[in-house]
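# Residue-level structure breakdown
Here's the letter readout for the chains.
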Amino acid sequence: MRQLHLGYMYWLNGTHWGGWRHPDAPTAHAFELEYAAKALRIVEDAKFDFFFLGDTLPGDIVREQWITTHNTGRLEPFTLASQLALQSSKIGLVVTAHPTFYEPYILARLTASLDHLSGGRLAWNVVLGANDLAAQNFSLPDLGGADRYERADEFIAVIQKLWDSIEEGAYLQDKSTGRYVDESKIHRLNWQGKHFQVAGTLPVERSPQGHIPLLYAGASELSRELTAKWADVNFTGPATAEESIAFNADVRERAVRLRGREDPIYFLPGIAPLIGDTRADAIELYEELNTLLPFDDDLVDGDQDESFWSSPDWERITASRFPLPQGIRSVRSLSERIGADLRPLGLDGVIKPDIAERFNSYGAGLVRALADRTDRTVDAGGVRVRDLLHAAVAGGFPLVIGTAEHVADTLIDWFDRGAAEGFNVNSPFLWNQLERFTGEVVPILQDRGVFRTEYTTGTFRGHFGLEVPPNTFTQE
Ligand SMILES: Cc1cc2nc3c(=O)[nH]c(=O)nc-3n(C[C@H](O)[C@H](O)[C@H](O)COP(=O)(O)O)c2cc1C
């Protein structure tokens, strides 16, 4: 029977931006090993495919505190992952690194070393995110726009060559002949590209997985091309199963064109399950978390000057896929964004159908998301202005709200329809929601025969049934 794959996306405080304030949430310690190690143990015990360390280089730490608290302080991912490798034995470890800020030689060394030390459990999440302020920590004026995709493309081509540059068996260490290495198995790259000039060789024997598997998230044209050309796993967050099916089909078609063959690509959408004993409990928890989000001091008219609403800053925010950032969370900003002035209604005003009809597509999307999450509908008179404001601010990954049974049914439905080969699971807050997922949802998936009860391999590739690719030097 087909098996689905599960990754755990480790965020220090979970992915609901009010989650860390929940009374049951622990005060997380970003700089202690034990906190991440505890999360790792929970998901390895549940037989997850991988433990995922995201990493966005922060721009403005003070602003980040209310957006993604985990960006305000975090350990360097390779250092943390090398410790986590010692705390686990089977689970895959995904480390995030940004091609814009590394040299391929350095990243090849880090990844190949860690693949050896973890026994073939490493994967690399290729990211191109963050902002210009982050770039300025690297002596760069900005992030590089579309050029960063081109740089990433060449970067991956170079790094794969570097991983291949010393074949298995090159270290003879033959005492009788005095031959330490077999020179025919050691290759120089002599790479002369647009972005990189790399002579080679990497002083690391080809690691257990040969080419370290690549993860990527992103759905734009350039992201689709990059995924199709290189990635083994994509974990973008589509809004609906239909959208996911169309996205996966599109990327797979591109992959055939770009790779000249059909390689498996695994689509693992990001989801954030919010689990309660009943659906009503889960909805109540969602609404409780939302009250913990920070808002403007003036909740109706907002804290911004009048001029802000015609500024480029506001234009940028309305064009972004992200929820409303801190400092712009009021009925005013919501009204600007959905195209209908809700201020006269006040926070507890109920949205009538004639008002909802005037919403733009963003507003209509919020109404749909709210119905999905909480069963509140405009027709039933259940949508208050505050509910829409909460939906506009509560960020994170697509939420699946309900009982463990409902969450399992939803995952299996996506899996059965070909909308996903598995999921990158986020917890809205710790430890409660992580433990409910592993303790209640995973056993249902196992009972229904779609998720492993024991590990059968001990490498990232092994968990996905991905073969170790041949060495590109010996193929030439
Ligand atoms: C689910 C998801 C997770 C991401 N995680 C990170 C991350 O940890 N670090 C980072 O720099 N960028 C991250 N990104 C940004 C992507 O690397 C990439 O820059 C972005 O998705 C490009 O999107 P687009 O090409 O579709 O516009 C993430 C994106 C998505 C969709």
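Structure: see above.
Below: a short report on this structure. For clarity, every value in this text was computed on a predicted model and none was experimentally measured.

### Some remarks on the packing of helix H6 (residues 147–164) against helix H7 (residues 221–230)
Following both chains from N to C, one finds H6 and H7 inclined at 5°, their axes separated by 11 Å at the closest point. In terms of orientation, H6 and H7 fall into the roughly parallel class. Between H6 and H7, the contacting residues are Tyr149, Ala152, Asp153 and Ile156 on the first element and Leu222, Leu226, Lys229 and Trp230 on the second.

### So, the sheet that holds strand E1 (residues 5–10)
Across the sheet, which stays open at both edges, the ten strands sit in the order E11-E10-E9-E4-E3-E2-E1-E14-E12-E13 with parallel pairing between neighbours. The open sheet terminates on both sides in strands that have one partner only, identified here as strand E11 (266–267) and strand E13 (399–402).

### As for the site of the ligand
For the ligand, the set of nearby residues contains 19 residues, the closest of which are Gly54, Gly129, Ala217, Gly218 and Ser220. For the shell around the ligand, the per-class residue count stands at seven nonpolar, eleven polar and one charged.

### A few points about the nonpolar core
One broad trend across soluble globular proteins is that nonpolar side chains are buried collectively. By size, the foremost hydrophobic cluster in this structure holds 96 residues, and its most contacted members are Tyr10, Val43, Phe50, Phe51, Leu93, Val94 and Leu215. Here this core gets seven residues from one element, more than from any other, and that element is H6. Grouped together as the second largest cluster of nonpolar side chains are 23 residues, Phe295, Leu324, Leu334 and Leu366 included.

### What to know about the environment of Gly19
Tracing the chain through its elements places Gly19 in the loop between E1 and helix H1 (33–45). Exposure remark for Gly19: the 26 C-beta atoms within 10 Å place this residue in the buried category. Gly19 has contacts with Asn13, Gly14, Ala25, Leu289, Pro428 and Phe429, leaving out every residue within four places of it along the chain.

### Points about unusual backbone geometry
Residue Thr201 is reached from Gly200 by a cis peptide bond, and omega for that bond is 10°. Residue position: Thr201 is located in the loop between strand E8 (197–198) and strand E9 (214–216). Phi at Lys47 is positive, roughly 70°, even though this residue is not glycine. Within the fold, Lys47 resides in the loop between H1 and strand E2 (50–53). Since 19 C-beta atoms lie within 10 Å of it, Lys47 is described here as partly exposed. Phi at Ala130 takes a positive value of approximately 85°, unusual for a residue other than glycine. Along the polypeptide, Ala130 turns up in the loop between strand E4 (122–126) and helix H5 (132–135).

What counts as what
- Residues numbered from 1 in each chain as written.
- Predicted model: local features only at pLDDT ≥ 70, side-chain atom pairs only at ≥ 80, totals over all residues.
- Axes fitted to C-alpha atoms, helices over the stretch in contact; angles between N-to-C directions.
- Helix = DSSP H or I, 4+ residues; strand = E, 2+ residues; numbered from the N terminus.
- Parallel < 35°, antiparallel > 145°, perpendicular 65-115°, else oblique.
- Contact = placed C-beta atoms within 7 Å.
- Pairing = 2+ DSSP bridges.
- Near = placed C-beta within 6 Å.
- Nonpolar A, V, L, I, M, F, W, Y, C, P; charged D, E, K, R; others polar.
- Core = buried A, V, L, I, M, F, W, Y, C linked by C-beta atoms within 7 Å.
- Buried ≥ 20, exposed ≤ 12 C-beta atoms within 10 Å, placed from the backbone.

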